[in-house]
Amino acid sequence: MTARGTAAGRGGTRSPYPTAAATGHRRGPSANTPRTDEHPSSQAPTADQGHVWAALAGGRRVQVGGIGVDALTEDEVVRRVGDELEAGRGGRIVTPNIDICRAAAKDPELKELVCSAELVVTDGMPLVWAARLLGTPVPERVTGADLIWSLSKLAARCGWPVYLLGGPPGVARRAADELTSCHPRLKVCGVHAPPYHFDVTPEGSARVRRRVVAARPRLVFVGLGFPRQDRLIADLREELPEAWFLGCGAAIAFAAGSVSRAPGWMRRTGLEWAYRLGCEPGRLARRYLVDDLPFAARMMATCLARRVRS
């Protein structure tokens, strides 16, 4: 059995697939289409409504990396999701890292997609450090890779079925086996690895959504990379308003044990990116070194300057 500490991964891993926007394909119903249910967590909220939901739920959002994040621990996220599921209300969890913040800074639609989620928690350690520099600290890093385990534990205890969507063929099934090995009472109502380019056409995306909806899960782990997973989740929220969705990037592959995660000390010190770069240099070198590192440096410098002036 794969131990949680080595099986989990960063929730913000981007998919190599082209996004719907890049292909010119228009998605289905907008994530911002209002629903008749008046409770904020049963809607697909706007960014402002996301802040309202956080306030109603007793949390607070702090601005870091250009987006608002909820100052919550992993345990608090799990309790929040449990309370909402008990009440029959669904929602989305986004776990931004530097790469997601960089993409959101360039694209207002992606920023809205992140900030409108019911829960937004910091996946990347640089965001944790930036929040501290600004004098508005968040309690800890909360990754999709860890949440896939802790939310599965919650689902097993409460009898809520889960669905795993993403990863290469066979990986979601292996991840489900690992999760049920740790939590024998966990009900996995479905697994699916969508084919490459599944969302290039409306029909392909609809087929994937129909499979998820037919399974009637209460928790859905979607590992397709940002922003693909989050766009699909926003559409699924319309069809499964009582379910909770976690966009978890490579976490399904990590949970399956098909890709190893960095040692604990590297995760704690913010060096997980270096471990992953060493494992996949061809895929990640440009993303980490050319795109993300300069953005992180500018972000930290800006936060430091603001702290000095305050």
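Up top is the structure these notes are about.
**Notes on the packing of aromatic side chains**
- Under the counting rule described, the total for this entry stands at one aromatic pair.
- The interplanar angle of 90° and the centroid separation of 6.3 Å between the aromatic rings of Trp 273 and Tyr 288 together place this pair among those described as edge-to-face. Taken together, the residues span a long stretch of sequence, with Trp 273 in helix H14 (residues 272-279) and Tyr 288 in helix H15 (residues 281-309) at a distance of 15 residues.

**Observations concerning the side chain of Arg 92**
- When you line up the elements, Arg 92 lands in strand E3 (residues 91-94).
- Contact partners of Arg 92, with chain neighbours within four places excluded, come to Leu 113, Ser 116, Ala 117, Glu 118, Leu 119, Ile 233, Ala 234, Arg 237, Trp 244 and Phe 245.

**Structural notes on the pattern of salt bridges**
- The tally for this structure, following the rule as stated, stands at 17 salt bridges.
- Between Glu 118 and Arg 237 there is a salt bridge whose closest N-O contact spans 3.2 Å. Separated by 119 residues along the polypeptide, Glu 118 in the loop between helix H6 (108-115) and strand E4 (119-120) and Arg 237 in helix H11 (residues 228-239) bring together distant segments of the chain.
- Under the relative-accessibility criterion, Glu 118 is labelled buried at 0%.
- The partner of Arg 287 in a salt bridge is Asp 292, with the nearest N and O atoms 3.7 Å apart. An identical accessibility class is assigned to Arg 287 and Asp 292; each is buried.
- Within this structure, Asp 99, Arg 102, Arg 287, Asp 291 and Asp 292 form a network of salt bridges that share partners.

**A closer look at the packing of helix H5 (residues 98-106) against H15**
- The contact between H5 and H15 brings their axes to 9 Å, and the two run at 80°. Taken together, H5 and H15 sit at an angle that is classed as roughly perpendicular. Packed against H5, whose contacting residues are Ile 98, Asp 99, Cys 101, Arg 102 and Ala 105, the element H15 presents Arg 287, Asp 291, Asp 292, Phe 295, Ala 296 and Met 299 at the interface.
- Class assignment for the residues of the contact of H5 with H15 results in six nonpolar, no polar and five charged.

The rules behind these values
- Residues numbered from 1 in each chain as written.
- Predicted model: local features only at pLDDT ≥ 70, side-chain atom pairs only at ≥ 80, totals over all residues.
- Heavy atoms only, no water.
- Phe/Tyr/Trp six-rings, centres within 6.5 Å; stacked < 30°, edge-to-face > 60°.
- Helix = DSSP H or I, 4+ residues; strand = E, 2+ residues; numbered from the N terminus.
- Contact = heavy atoms within 4.5 Å.
- Salt bridge = Lys/Arg side-chain N within 4 Å of Asp/Glu carboxyl O.
- Buried < 20%, exposed > 50% of the residue type's maximum accessible area, 1.4 Å probe, protein only.
- Axes fitted to C-alpha atoms, helices over the stretch in contact; angles between N-to-C directions.
- Parallel < 35°, antiparallel > 145°, perpendicular 65-115°, else oblique.
- Nonpolar A, V, L, I, M, F, W, Y, C, P; charged D, E, K, R; others polar.

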